[in-house]
Structure formats: C-alpha cells, structure tokens
Amino acid sequence: MVKVEERSHGKALSAVRPRDWRKAMSDHVAYGLLAYTGLQIFVTVKALAEGSSTALPYLALIVLVAGIIPVCRWFEKRWAVLSDAEAADPALAGEFRRDVTALWAMAIGLPFGLALIFKMLLSVF
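Below, the structure is looked at part by part. (Residues numbered from 1 in each chain as written. Predicted model: local features only at pLDDT ≥ 70, side-chain atom pairs only at ≥ 80, totals over all residues. Heavy atoms only, no water.)

Before going further, it helps to spend a moment on the overall build of the protein chain. Counting its regular elements, the protein chain contains five helices and zero strands. Listing each helix as α and each strand as β along the protein chain from the N terminus yields α-α-α-α-α. For the protein chain, the proportion of its 125 residues judged to be buried stands at 29%. For the protein chain, contacts bridging at least 24 residues in sequence account for 82% of all contacts bridging at least 6. (Helix = DSSP H or I, 4+ residues; strand = E, 2+ residues; numbered from the N terminus. Buried < 20%, exposed > 50% of the residue type's maximum accessible area, 1.4 Å probe, protein only. Contact = heavy atoms within 4.5 Å.)

Together, Ile117, Leu121, Val124 and Phe125 give the surface a local cluster of nonpolar side chains, amounting to about 470 Å² of exposed area. Position of isoleucine 117 relative to the elements: it lies in helix 5 (residues 93-124). When its relative accessible area of 44% is taken as the criterion, isoleucine 117 is described as partly exposed. (Patch = residues over 30% accessible without salt bridge, like charges linked within 9 Å, V, L, I, M, F, W, Y side chains within 5 Å. Areas by Shrake-Rupley, 256 points an atom, 1.4 Å probe, with all protein chains shown as cover. Salt bridge = Lys/Arg side-chain N within 4 Å of Asp/Glu carboxyl O.)

Scanning the model with the defined rule gives seven salt bridges in all. When the shortest N-O distance is used, the salt bridge between arginine 78 and glutamate 95 registers 3.6 Å. Remark: glutamate 95 occurs in helix 5 and arginine 78 occurs in helix 3 (residues 56-80); sequence separation between them is 17 residues. Judged by relative accessible area, which is 34%, glutamate 95 ranks as partly exposed. The shortest N-O distance in the salt bridge between arginine 98 and aspartate 99 comes to 3.3 Å. Residue classification places aspartate 99 among the buried residues on the basis of a relative accessible area of 4%. Connected through shared salt-bridge partners, Arg78, Glu95, Arg98 and Asp99 make up one network.

Note that all results are geometric; they support no functional claim without further evidence.
This is the structure in structure tokens:
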C-alpha cells in the first residue's frame, strides 16, 4: 500500500511543468488592464465629472484606456519573443518579477495619479 502512494505522489510531482514566463506575463497584462480600466472608471472619471457635466469625462476615459494598451503590449511583447527553452528558464524570475511589479504599479497607481492631476487642473481653471 505504501508503494502505491509513493508512486502516485511521484507521478504528481513529475507532472508539474515549469512556469512559462510568456503565458504568465500575458495573464498579468490582461488582469492589469482590467484593474486599470476599472480604477479609471471609478476614480478618474469621478474626478473629471465633478468639474464637467459634458461627455468630456467619457472621452477622457477612452483616450486614457487606449493610451495604456501600447505600454501593456510592450510588457507582453518583451516576454512573447522568448523561445520555449527561455520561457521555462528559472533564471528569468528576477526580471519577470521586476516587470510584473512595474506593470501592477502602473495599473494601480496611474488612475490615482491622473485623478490627482485632473483635480489640481480643475481647481486652477
């Protein structure tokens, strides 16, 4: 009975594949865009709407979301060009962590920073 458990446990361990940096970055980019867009809607548009009752806040939302897509695409493209061997290389963990941290800092921080800028501009004008 012990041998059967050992064999099944060994098969489970060998079935674990190394992390594919390409897919992982693609996932982070997708979720980062969702988080950024959600924050943009609730933070920046609210700040813009306080100073205007026109369609300007919604136009600004479209421009700001469209502007972030090329930046996120750059993060994804940087990792998408890896070969199969490089995509499973654990030595890239540090670079991956750095890029993921930058991506999430931008996705979360940018809407709050833009809202602050818009509020300052609305108070001046």
